[in-house]
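Given next are the chains, with one letter for each unit.
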Amino acid sequence: MKFYFNLALTYVVIGMLFSFLFYFFFKKKSLNSYFFCLLTGVIGSFFGGLLDVFVAFDPLKFITFFERVFTIGVFWPSVGSVALLFFYSKSVENN
């Protein structure tokens, strides 16, 4: 049970981190609400976690620092979060 809590907490933190970066540093005029950006980042992180189950390749596992520090794969949740935030920002921008 503790593993799944850590897994969910890691995905939420990854989603929060990338939504914070998208909202405050990229300064898209189309992103009006931080809440929707945050929600999209967390959902994208969970989609990336789902992708992590199906794709066994994790390039961060080859770096010894990440292998020792992270026992949970953080590469695919990061990719999923960034990809969904990018698509969200583009779709809001086109409307």
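Residues numbered from 1 in each chain as written. Predicted model: local features only at pLDDT ≥ 70, side-chain atom pairs only at ≥ 80, totals over all residues. Heavy atoms only, no water.

What's the story with the overall build of the chain in this structure? I'm lost.
Along the backbone of the chain there are 4 helices and 0 strands. When the elements of the chain are put in sequence order from the N terminus, they spell out α-α-α-α. Within the chain, the fraction of its 95 residues that count as buried is 31%. Counting contacts in the chain only where the partners sit at least 6 residues apart, residues at least 24 apart contribute 69% of the total. Accessible surface, the chain as shown: approximately 6,500 Å² in total, 75% of it carbon and sulfur. (Helix = DSSP H or I, 4+ residues; strand = E, 2+ residues; numbered from the N terminus. Buried < 20%, exposed > 50% of the residue type's maximum accessible area, 1.4 Å probe, protein only. Contact = heavy atoms within 4.5 Å. Areas by Shrake-Rupley, 256 points an atom, 1.4 Å probe, with all protein chains shown as cover.)

Explanation requested: the environment of V13 in the structure shown.
Position of V13 among the secondary structure elements: in helix α1 (residues 2–24). Sequence separation of V13 and V42 is 29 residues, and the distance between their C-alpha atoms is 7.9 Å.

Looking at this model, I keep getting lost on the nonpolar core. Mind explaining?
Side chains that are nonpolar tend, in soluble globular proteins, to be buried together. I14, F18, F22, L31, C37, V74, L85 and Y88 form the largest nonpolar core, which has 8 residues in total. Elements with a contribution of two residues or more to this core: α1 and α4 (75–94). With 3 residues, the single largest contributor to this core is α1. Non-local contacts of L31, meaning those with residues more than four positions away in its chain, are made with F22, Y23, C37, Y88 and S89. (Core = buried A, V, L, I, M, F, W, Y, C linked by side-chain atoms within 4.5 Å.)

Where do I start with the side chain of S45 in this structure?
The topology assignment puts S45 in helix α2 (residues 34–54). Look past the residues within four positions of S45 in its chain and what remains in contact with it is Y11, I14, G15, P77, G80 and S81.

I keep staring at the confidence of the model for the chain and nothing clicks. Help me out?
One rule of thumb: low pLDDT means the predicted coordinates there are not for detailed reading. With 80% of its residues at a pLDDT of 70 or more, the chain shows a mean pLDDT of 81. Helix α3 (residues 64–69) is the least confidently modelled element of the chain, averaging 61 in pLDDT, while α1 averages 89, the highest of any element. (pLDDT = per-residue confidence, 0-100.)

Explain the packing of aromatic side chains to me, please; I cannot follow it from the model alone.
Geometry of an aromatic ring pair is reported as the spacing of the ring centres plus the angle between the planes. Evaluated as defined, the whole model comprises 10 aromatic pairs. Look at F3 and Y4: their rings are 5.4 Å apart centre to centre, the planes differ by 70°, and that puts the pair in the edge-to-face class. Judged by centre distance (5.6 Å) and plane angle (65°), the rings of F35 and F36 are edge-to-face. On the basis of relative accessible area, F35 is assigned to the exposed category, the value being 52%. Overall, the relative accessible area of 45% leaves F36 in the partly exposed class. (Phe/Tyr/Trp six-rings, centres within 6.5 Å; stacked < 30°, edge-to-face > 60°.)

Which parts of the structure should I look at to understand α1?
Spacing of three or four residues puts side chains on the same side of an α-helix, whose turn is 3.6 residues. Over its 23 residues, α1 runs 32 Å from end to end, which matches the ideal 33 Å to within 8%, given 1.5 Å per residue. Residues of α1 that are buried make contact with α2 and α4. (Expected span 1.5 Å × (residues − 1).)

Any chance you could explain α2 here in plain terms?
Taking 1.5 Å as the rise per residue, α2 with 21 residues should run 30 Å; its terminal C-alpha atoms sit 31 Å apart, in good agreement. In the core, the buried residues of α2 are packed alongside α1 and α4. At the N-terminal boundary of α2, the capping side chain belongs to S33, with an oxygen 3.3 Å from the backbone nitrogen of F35. (Polar contact = N/O pair within 3.5 Å; in protein donor to acceptor, adjacent residues only side chain to side chain.)

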